[in-house]
Amino acid sequence: ETGVTQSPTHLIKTRGQQVTLRCSSQSGHNTVSWYQQALGQGPQFIFQYYREEENGRGNFPPRFSGLQFPNYSSELNVNALELDDSALYLCASSLRASGANVLTFGAGSRLTVL
Amino acid sequence: SQELEQSPQSLIVQEGKNLTINCTSSKTLYGLYWYKQKYGEGLIFLMMLQKGGEEKSHEKITAKLDEKKQQSSLHITASQPSHAGIYLCGADMAGNKLVFGAGTILRVKS
């Protein structure tokens, strides 16, 4: 089975720009969660998608948005980038029906905002 | 703010020594997860604990959840360089989210 894959692995943007990060779920998983991890901190929950709808959101502004597609892949979009958005963005997939929130993580997309 | 407190923030141990990392919550933990992260990479699932007093082991790593379900510990026996990394505890919270602690950085000296 394939794991979670994310793209791009690294990218550099400037303030005010927009970015789209992509994630392919592990085979058999139906739920996708996105996390932001700043340097030296633990991952912060952005939101979760299930059945193509947002199913839980952390303390992030509306300029952070997402999509989940019928094949369970997902996108994270961030508009009007700010310097503080520089971080490692992690995607994780899971199986909703499993009764436990065991997440399988991708390697992440490292975003630098200049 | 982090709802899970991890201690210590970092530690350096000599290869072969034992070590313990703690994770404390002010709220009852209904699902406690331990992950390991290599610097700048994704998280790797280690173990999940759900019941008070539960203990699980995998190779040289043992995780426990206390009876009150507010504290968990991760113990590594006879540490090896391959154990080096960042250890993160995570807990199920309302809103379908898994909340993480700030992590413990482990370095193992050969």
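Scope of this entry: the structure provided in the associated data block. In this text, all values refer to a predicted model and were calculated from it rather than measured experimentally. (Residues numbered from 1 in each chain as written. Chains lettered and ligands numbered in written order. Predicted model: local features only at pLDDT ≥ 70, side-chain atom pairs only at ≥ 80, totals over all residues. Heavy atoms only, no water.)

Let's talk about the overall build of chain B
Move 1: In terms of regular secondary structure, chain B is built from 0 helices and 11 strands.
Move 2: Against the globule reference of 13 Å for 110 residues, chain B gives a C-alpha radius of gyration of 13 Å, in line with a compact fold.
Move 3: Structurally, chain B occupies a C-alpha span of about 40 × 30 × 20 Å along its principal axes.
Move 4: Long-range pairs, those at least 24 residues apart, make up 52% of the contacts in chain B between residues at least 6 apart in sequence.
Move 5: Split by element, the accessible area of chain B, about 5,500 Å² in all, is 49% carbon and sulfur.
Move 6: Within chain B, one finds 13 positive and 10 negative side-chain charges whose respective centroids are separated by 3 Å. (Helix = DSSP H or I, 4+ residues; strand = E, 2+ residues; numbered from the N terminus. Rg over C-alpha atoms; globule rule 2.2 N^0.38 Å. Contact = heavy atoms within 4.5 Å. Areas by Shrake-Rupley, 256 points an atom, 1.4 Å probe, with all protein chains shown as cover. Lys, Arg positive; Asp, Glu negative; His and termini not counted. Charge placed at Lys NZ, Arg CZ, Asp CG, Glu CD.)

Describing the packing of aromatic side chains
Residues and elements named next belong to chain B.
Move 1: Throughout the structure, instances matching the rule amount to 9 aromatic pairs over all chains.
Move 2: Ring geometry for Tyr35 against Phe45: centres 5.6 Å apart, planes inclined by 65°, an arrangement best described as edge-to-face. With a gap of 10 residues between them, Tyr35 in strand β4 (residues 32–37) and Phe45 in strand β5 (residues 43–49) connect regions that are remote in the sequence.
Move 3: What makes Phe45 partly exposed here is its relative accessible area of 32%. (Phe/Tyr/Trp six-rings, centres within 6.5 Å; stacked < 30°, edge-to-face > 60°. Buried < 20%, exposed > 50% of the residue type's maximum accessible area, 1.4 Å probe, protein only.)

Here's the deal with the interface of chain B and chain A
Move 1: Across the contact, 21 residues belong to chain B and 25 residues belong to chain A.
Move 2: With both chains or domains summed, chain B and chain A bury close to 1,600 Å², and 52% of this area falls on carbon and sulfur atoms.
Move 3: Of all residues in chain B, B:Leu43, B:Asn96 and B:Phe100 give up the largest surface area on contact with chain A, accounting jointly for 28% of the area buried on that side.
Move 4: The interface formed by chain B and chain A includes 0 salt bridges. (Buried area = accessible area lost by both parts, 1.4 Å probe. Salt bridge = Lys/Arg side-chain N within 4 Å of Asp/Glu carboxyl O.)

Here we look at the pairing of strand β11 (residues 109–113) of chain A
All names here are of chain A.
Move 1: Burial of β11 is one-sided: the residues Ser109, Leu111 and Val113 facing one way are buried, the residues Arg110 and Thr112 facing the other way are not.
Move 2: The pairing of strand β2 (residues 10–13) with β11 spans 4 bridges and is classified as parallel. Residue pairing in the sheet places His10 in a bridge with Arg110 of β11.
Move 3: Two elements, strand β9 (residues 87–94) and β11, share 3 bridges in a ladder whose sense is antiparallel. Its bridge partner lying in β11, Ala87 is registered against Leu111. (Pairing = 2+ DSSP bridges.)

A word on the sheet that holds strand β7 (residues 64–68) of chain A
Residue and element names in this part refer to chain A.
Move 1: Strand order in the open sheet formed by 4 strands is β1-β3-β8-β7, with antiparallel pairing between adjacent strands. A single partner strand is all that each edge strand has here, and the edge strands are β1 (5–7) and β7. Taken over all neighbouring pairs, the strand axes of this sheet differ in orientation by 15° on average, direction set aside. (Axes fitted to C-alpha atoms, helices over the stretch in contact; angles between N-to-C directions.)

Details of unusual backbone geometry
Move 1: Across the junction of A:Ser7 and A:Pro8, the peptide omega takes the value -10°, indicating a cis bond.
Move 2: Checked against the element boundaries, A:Pro8 lands in the loop between β1 and β2.
Move 3: Cis geometry marks the peptide bond from B:Ser7 to B:Pro8, where omega comes out at -5°.
Move 4: In this fold, B:Pro8 is placed in the loop between β1 (4–7) and β2 (10–14).

Considerations on the pattern of salt bridges
Move 1: With the rule as written, the count across this model stands at 7 salt bridges over all chains.
Move 2: A:Asp85 is the partner of A:Arg63 in a salt bridge, and the nearest nitrogen-oxygen pair spans 2.8 Å. Pair noted here: A:Arg63 is in the loop between β6 (53–57) and β7 and A:Asp85 is in the loop between β8 (74–78) and β9, with a separation of 22 residues, a long-range link. Accessibility assignment for this pair places A:Arg63 and A:Asp85 in one class, buried.
Move 3: For B:Glu55, the salt bridge identified is with B:Lys64, shortest N-O distance 3.9 Å.
Move 4: Of the residues examined, B:Lys64 reaches a relative accessible area of 41% and is grouped as partly exposed.

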